[in-house]
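What follows is each chain in one-letter form.
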Amino acid sequence: MSASNPKSQMAEAYVQKHRIPELFENMTAALIHTQPENAKKFMIKYLETLKQFREEKGDYPSMFTDANITAVFGMLDVTNKGFISMEQYRSALKTLGVKKYNARPDGCEKDQITLNTFLTEAKQGLSAATANFVKLS
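Colleague: In this structure, what is going on with the side chain of Asp-77? I would like to understand it.
Modeller: Relative to the elements of secondary structure, Asp-77 occurs in the loop between helix H4 (66-76) and strand E1 (83-84). Comment: no salt bridge for buried Asp-77; closest opposite-charge side chain is Lys-81, at 6.8 Å. A distance of 2.8 Å separates a polar side-chain atom of Asp-77 from the backbone nitrogen of Gly-82. Contacts of Asp-77, omitting those with residues within four sequence positions, involve Gly-82, Phe-83 and Ile-84.

Colleague: In this structure, what is going on with the packing of aromatic side chains? I would like to understand it.
Modeller: This structure, assessed with the given rule, holds 3 aromatic pairs. Geometrically, the ring pair formed by Tyr-89 and Tyr-101 is edge-to-face, given 5.9 Å between the ring centres and 85° between the ring planes. One end of the pair, Tyr-89, is in helix H5 (residues 86-96); the other, Tyr-101, is in the loop between H5 and strand E2 (113-114), with 12 residues separating them in the sequence. The class for Tyr-89 is buried, based on a relative accessible area of 0%. Under the relative-accessibility criterion, Tyr-101 is labelled partly exposed at 23%. Geometrically, the ring pair formed by Tyr-89 and Phe-118 is edge-to-face, given 6.4 Å between the ring centres and 75° between the ring planes.

Conventions adopted
Residues numbered from 1 in each chain as written. Predicted model: local features only at pLDDT ≥ 70, side-chain atom pairs only at ≥ 80, totals over all residues. Heavy atoms only, no water. Helix = DSSP H or I, 4+ residues; strand = E, 2+ residues; numbered from the N terminus. Buried < 20%, exposed > 50% of the residue type's maximum accessible area, 1.4 Å probe, protein only. Lys, Arg positive; Asp, Glu negative; His and termini not counted. Salt bridge = Lys/Arg side-chain N within 4 Å of Asp/Glu carboxyl O. Polar contact = N/O pair within 3.5 Å; in protein donor to acceptor, adjacent residues only side chain to side chain. Contact = heavy atoms within 4.5 Å. Phe/Tyr/Trp six-rings, centres within 6.5 Å; stacked < 30°, edge-to-face > 60°.

Shown next as structure tokens:
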């Protein structure tokens with residue numbers, strides 16, 4: 001959008017404030033992952049789940065379960081040492097779609113990120129990444 005047009009600036013500010021691009025990106029990823037028979041019903045349910053979270057502080061809709069995150073960790077820890085490197089940690093989180101994450105998690109000073117730390121950080125990052133709304137007043 002043109003920065004010189006006040007209407008465009010207002011529209012862009014609105015879209016960014018309400019995180020509309022992230023909402024559609026996450027909903028599209030969930031659609032592709034799930035491939036429901038009725039996409040419209042799925043999207044309605046997805047939005048209802050977001051609304052319910054806002055009202056009740058429940059779980060954000062996420063296509064990654066603890067088992068999925070654990071499997072990612074397991075693929076990286078091929079020798080079963082019980083930890084992954086910081087480089088693997090950063091790469092895995094980015095692959096999962098986590099853009100903002102703890103740059104200094106437990107174990108970073110030894111370059112040994114455990115499954116527990118990875119699970120915690122991944123879930124927090126995924127939760128933040130899927131928080132597609134601002135609190136309504």
